[in-house]
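Single-letter residue listing:
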Amino acid sequence: MQRVEAELERLINEIDYDEVTRLFKMLSGGKRLRAKLILKIAKDVKEAPLLAAIVELIHAASLLHDDVIDEADTRRGVASVNATDGSKTAVMLGDILYSKAFTELVNFDKEVAQTIAVSVTALSKGEMMDVKMAETFNTDEATYLDMLYLKTATLIEAAAKAAALLAGKDAEAHALYGRNLGLSFQIIDDILDITADEATLGKPAMNDFVEGKCTLPYIYLYEALRADEKERLVQAHAKKIDAQESAWIKAKMDEHQTVVKSFALAQKLSNEAQAAMREDAELVGILETMIQRSY
Ligand code: FPP
Ligand code: MG
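What you see is a predicted model, and the numbers here were worked out from it, not measured in a lab.

K.L.:
Teacher, can you tell me more about the overall build of the protein chain here?
P.N.:
Of regular secondary structure, the protein chain possesses 16 helices and 2 strands. The C-alpha radius of gyration computed for the protein chain amounts to 20 Å, which stays within 12% of the reference 19 Å derived for 295 residues, consistent with globular compactness. Each principal axis of the C-alpha atoms in the protein chain carries an extent, and together these give about 60 × 45 × 30 Å. Within the protein chain, counting contacts between residues at least 6 apart in sequence, those at least 24 apart form 72% of the total. In the protein chain, which carries 35 positive and 49 negative side-chain charges, the distance between the mean positions of the two groups comes to 1 Å.

See below:
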């Protein structure tokens, strides 16, 4: 990973603008999941650290823009750039990181470059769908999973596939692994928003629903409720929620096992990914750690 950080520093220095260097240093690197995946899959490939840095730049750019769109004050536990330096700066920094990433990407093998580029269009489409869907009470599981795939899984899928292409490994098996890892990761995140406490989350519990996001446990709940209860759930959507309403929702989720049902889907996706990666203990390990985050 030190080589990835060194590549990132080199690319940022090449931009040759001290304001960009200063702002980039303020960003918290986060888990660097995508970079770690690329290094694990393409261990001995010379260009792997550069590809990993490119993907992390794209990811960082997308989060800068997402925080402007979501009007978020914090990112990865530190103040967001839009909070400290304003939305205009956050958008422009995102543009610079994103275009620098693509400047480097064009030097890669065409299939590798295409894999990453196509996923960024998908990611941007997913973000737009997410914003649009939060305007209404979506109860359709397939629509929700489509959005989730585009917004969170495509870049992870592309990172795994591109790394496999670089390393001469099975690209489709690695793509499936990345896709399912991304999807189950996000489903677990959605579950934790309901089951974890405020101290663990760093934000109020059930924040997704307050923001209008109807995640899987809510979609399954809506399906299971009686007509008058459905109405009550819809009334609570996209508003500040009081203790009585949140307790009612949680009790109904328990009664209808909707968190358990959501977890079962995450587990199924994870099992499929494990089956595709049977021979790679490290990649299986990443999945196991992810799915074991308690709920
Ligand atoms: C976080 O979602 C957002 C994403 C994973 C993708 C955002 C994508 C874009 C803004 C489009 C791509 C733009 C560029 C420049 C490449 P979230 O808001 O659900 O999660 P959060 O809690 O981490 O904010
Ligand atoms: Mg956001």
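There's plenty left to go through after this.
K.L.:
Teacher, can you tell me more about the nonpolar core here?
P.N.:
Inside soluble globular proteins, nonpolar side chains tend to come together where they are buried. If you look at the biggest cluster of nonpolar residues, it comprises 92 residues, and the most contacted ones within it are L51, L97, Y177, L181 and I249. Among the elements that line this core, the one with the most residues is helix α8 (residues 141-167), at 13 residues. Other than its neighbours up to four places away in sequence, L97 contacts I12, F24, L27, L57, A60, A61 and L64.

K.L.:
In this structure, what is going on with helix α9 (residues 171-195)? I would like to understand it.
P.N.:
Residue pairs three or four apart in sequence face the same way in an α-helix, which turns once every 3.6 residues. If you check α9, its first and last C-alpha atoms are 36 Å apart, about what 25 residues at 1.5 Å a residue would give, namely 36 Å. The backbone nitrogen of E172 has a side-chain oxygen 3.1 Å away, supplied by the residue at the start of α9, namely D170.

K.L.:
What's the story with the coordination of the magnesium ion (ligand 2) in this structure? I'm lost.
P.N.:
Between any two of four tetrahedral donors, the ideal angle at the metal is 109.5 degrees; between two of six octahedral donors, it is 90 or 180 degrees. The coordination sphere of the magnesium ion (ligand 2), as far as protein atoms go, consists of D66 (OD) and D70 (OD), spread over 1.9 to 2.1 Å. With D66 and D70 both in helix α4 (residues 48-70) and 4 residues apart, this pair spans about one turn of that helix. Accessibility expressed as a relative area gives 39% for D70, which makes it partly exposed.

K.L.:
Mind showing me how you'd approach the pattern of salt bridges here?
P.N.:
Side chains that differ in charge, positive against negative, can pair when their charged atoms come close. Per the counting criterion, the structure on display carries 25 salt bridges. R75 is paired through a salt bridge with D67; the nearest N and O atoms lie 2.8 Å apart. With relative accessibility at 26%, the residue R75 sits in the partly exposed group. A salt bridge links E157 to R179; the shortest N-O distance between them is 2.4 Å. Of this pair, E157 sits in helix α8 while R179 sits in helix α9, placing them 22 residues apart in sequence. The exposure class assigned to R179 is partly exposed, which follows from its relative accessible area of 26%.

K.L.:
When you look at the packing of helix α7 (residues 110-133) against α8 in this model, what are you seeing that I'm missing?
P.N.:
Geometrically, a packed helix pair is captured by the angle between its two axes and the distance between the axes. Where α7 contacts α8, the two axes come as close as 8 Å, and the packing angle between them is 165 degrees. By the criterion of interaxial angle, the relationship of α7 to α8 is roughly antiparallel. Judged by the twist between their axes, the crossing of α7 over α8 is left-handed.

K.L.:
What should I look at first to understand unusual backbone geometry in this one?
P.N.:
Of all residues except glycine, most have a negative phi; of all peptide bonds, most are trans. A positive phi is found at M206, a non-glycine position, where the angle reads about 60 degrees. Within the secondary structure layout, M206 lies in the loop between α10 (198-201) and α11 (207-210). For Q257, which is not glycine, the phi dihedral falls at a positive 55 degrees. Within the fold, Q257 resides in the loop between α14 (243-256) and α15 (258-276).

K.L.:
I'm lost on the packing of α8 against α9 in this one. Help?
P.N.:
Remark: α8 packs on α9, axes separated minimally by 7 Å, with the N-to-C direction vectors making an angle of 140 degrees. Classified by the interaxial angle, the pair formed by α8 and α9 is oblique. Our pair here, α8 against α9, has a crossing hand that is right-handed. Residues Y144, L145, L148, Y149, T152, A153, I156, E157, A160, K161, A164 and L165 of α8 form the contact with α9, whose own contacting residues are A171, E172, H174, A175, G178, R179, L181, G182, L183, Q186, I187 and D190. The residue inventory of the contact of α8 with α9, partitioned by class, reads 14 nonpolar, 5 polar and 5 charged.

K.L.:
Quick question: what am I supposed to make of the side chain of R34 here?
P.N.:
Structurally, the position occupied by R34 is in helix α3 (residues 33-41). We note that R34 is buried and unpaired, the nearest opposite charge coming from E56 at a distance of 5.3 Å. Side-chain polar atoms of R34 contact the side chain of H59, separated by 3.3 Å. Those residues in contact with R34 that lie beyond four places of it in its chain are V55, E56, H59, L155, I156 and A159.

K.L.:
Sorry, what's going on with the site of ligand 1 here?
P.N.:
The immediate surroundings of ligand 1 are formed by 13 residues, with D66, D70, R75, E127 and K151 found nearest. At a separation of 2.8 Å, an oxygen atom of ligand 1 approaches a polar side-chain atom of R75. At a separation of 2.5 Å, an oxygen atom of ligand 1 approaches a polar side-chain atom of K151. Here ligand 1 has 630 Å² of accessible area as a free molecule, and 81% of this is covered by the chains. Of all the secondary-structure elements, those providing two or more residues to the shell around ligand 1 are α4 and α7. With 5 residues, the single largest contributor to the shell around ligand 1 is α4. A per-class count over the shell around ligand 1 returns 4 nonpolar, 3 polar and 6 charged.

Calculation rules
- Residues numbered from 1 in each chain as written.
- Chains lettered and ligands numbered in written order.
- Predicted model: local features only at pLDDT ≥ 70, side-chain atom pairs only at ≥ 80, totals over all residues.
- Heavy atoms only, no water.
- Helix = DSSP H or I, 4+ residues; strand = E, 2+ residues; numbered from the N terminus.
- Rg over C-alpha atoms; globule rule 2.2 N^0.38 Å.
- Contact = heavy atoms within 4.5 Å.
- Lys, Arg positive; Asp, Glu negative; His and termini not counted.
- Charge placed at Lys NZ, Arg CZ, Asp CG, Glu CD.
- Core = buried A, V, L, I, M, F, W, Y, C linked by side-chain atoms within 4.5 Å.
- Buried < 20%, exposed > 50% of the residue type's maximum accessible area, 1.4 Å probe, protein only.
- Expected span 1.5 Å × (residues − 1).
- Polar contact = N/O pair within 3.5 Å; in protein donor to acceptor, adjacent residues only side chain to side chain.
- Donors = N, O, S within 2.8 Å, 3.2 Å for Na, K, Ca; no water.
- Salt bridge = Lys/Arg side-chain N within 4 Å of Asp/Glu carboxyl O.
- Axes fitted to C-alpha atoms, helices over the stretch in contact; angles between N-to-C directions.
- Parallel < 35°, antiparallel > 145°, perpendicular 65-115°, else oblique.
- Left-handed = near helix turned anticlockwise from the far one by under 90°.
- Nonpolar A, V, L, I, M, F, W, Y, C, P; charged D, E, K, R; others polar.
- Near = heavy atom within 4 Å.
- Areas by Shrake-Rupley, 256 points an atom, 1.4 Å probe, with all protein chains shown as cover.

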